[in-house]
Amino acid sequence: MAIERWTDDRLDRLASLTETNSQQILDLRSSIASLVRIVGQHQDNFEIMLAEVRGLRTENRRILDQLLNRNGEEG
């Protein structure tokens, strides 16, 4: 089995590939950070919406109770 020699050209290609991979890793980290921020914003929005739905449900129950009690008084 012959031993391959590392030529300057081959080392340059390896260095270029390494640099490209490093940049792509940085880009991926940036994308992940952006996605994490977006997920956090969606989670906050969901929690706000859920609180509003709970508040509306409570208000609807109060209104229903008042309507039912009013109808009982009229009858």
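Everything below is about the structure shown above.
Computed from a predicted structure; not experimentally measured.

Chemist: Explain the overall build of the protein here, please?
Modeler: Looking only at helices and strands, the protein has one helix and zero strands in total. Projected onto the principal axes, the alpha-carbon positions of the protein cover approximately 105 × 25 × 10 Å. A buried classification covers 0% of the 75 residues belonging to the protein. Summed over its atoms, the accessible surface of the protein is roughly 7400 Å², and 56% of this surface lies on carbon and sulfur atoms. Taken as two groups, the 10 positive and 13 negative side-chain charges of the protein have centres that lie 4 Å from each other.

Chemist: In this structure, what is going on with the pattern of salt bridges? I would like to understand it.
Modeler: Any two side chains of opposite charge can pair if their charged atoms end up close together. Evaluation of the coordinates by the stated rule reveals three salt bridges. Its salt-bridge partner being Glu4, residue Arg10 comes within 2.9 Å of it at the nearest N-O pair. What makes Glu4 exposed here is its relative accessible area of 58%. Residue Asp9 is joined to Arg13 by a salt bridge in which the shortest nitrogen-to-oxygen separation is 3.7 Å. Placement of the pair is Asp9 and Arg13 together in helix H1 (residues 8-74), with a separation of four residues, close to one helical turn.

Chemist: I would appreciate a short explanation of a nonpolar patch on the surface in the present structure.
Modeler: Taken together, the side chains of Trp6, Leu11, Leu14 and Leu17 present a nonpolar region at the surface, about 400 Å² in accessible area. Looking at where Leu14 falls in the secondary structure, it is placed in helix H1.

Calculation rules
- Residues numbered from 1 in each chain as written.
- Predicted model: local features only at pLDDT ≥ 70, side-chain atom pairs only at ≥ 80, totals over all residues.
- Heavy atoms only, no water.
- Helix = DSSP H or I, 4+ residues; strand = E, 2+ residues; numbered from the N terminus.
- Buried < 20%, exposed > 50% of the residue type's maximum accessible area, 1.4 Å probe, protein only.
- Areas by Shrake-Rupley, 256 points an atom, 1.4 Å probe, with all protein chains shown as cover.
- Lys, Arg positive; Asp, Glu negative; His and termini not counted.
- Charge placed at Lys NZ, Arg CZ, Asp CG, Glu CD.
- Salt bridge = Lys/Arg side-chain N within 4 Å of Asp/Glu carboxyl O.
- Patch = residues over 30% accessible without salt bridge, like charges linked within 9 Å, V, L, I, M, F, W, Y side chains within 5 Å.

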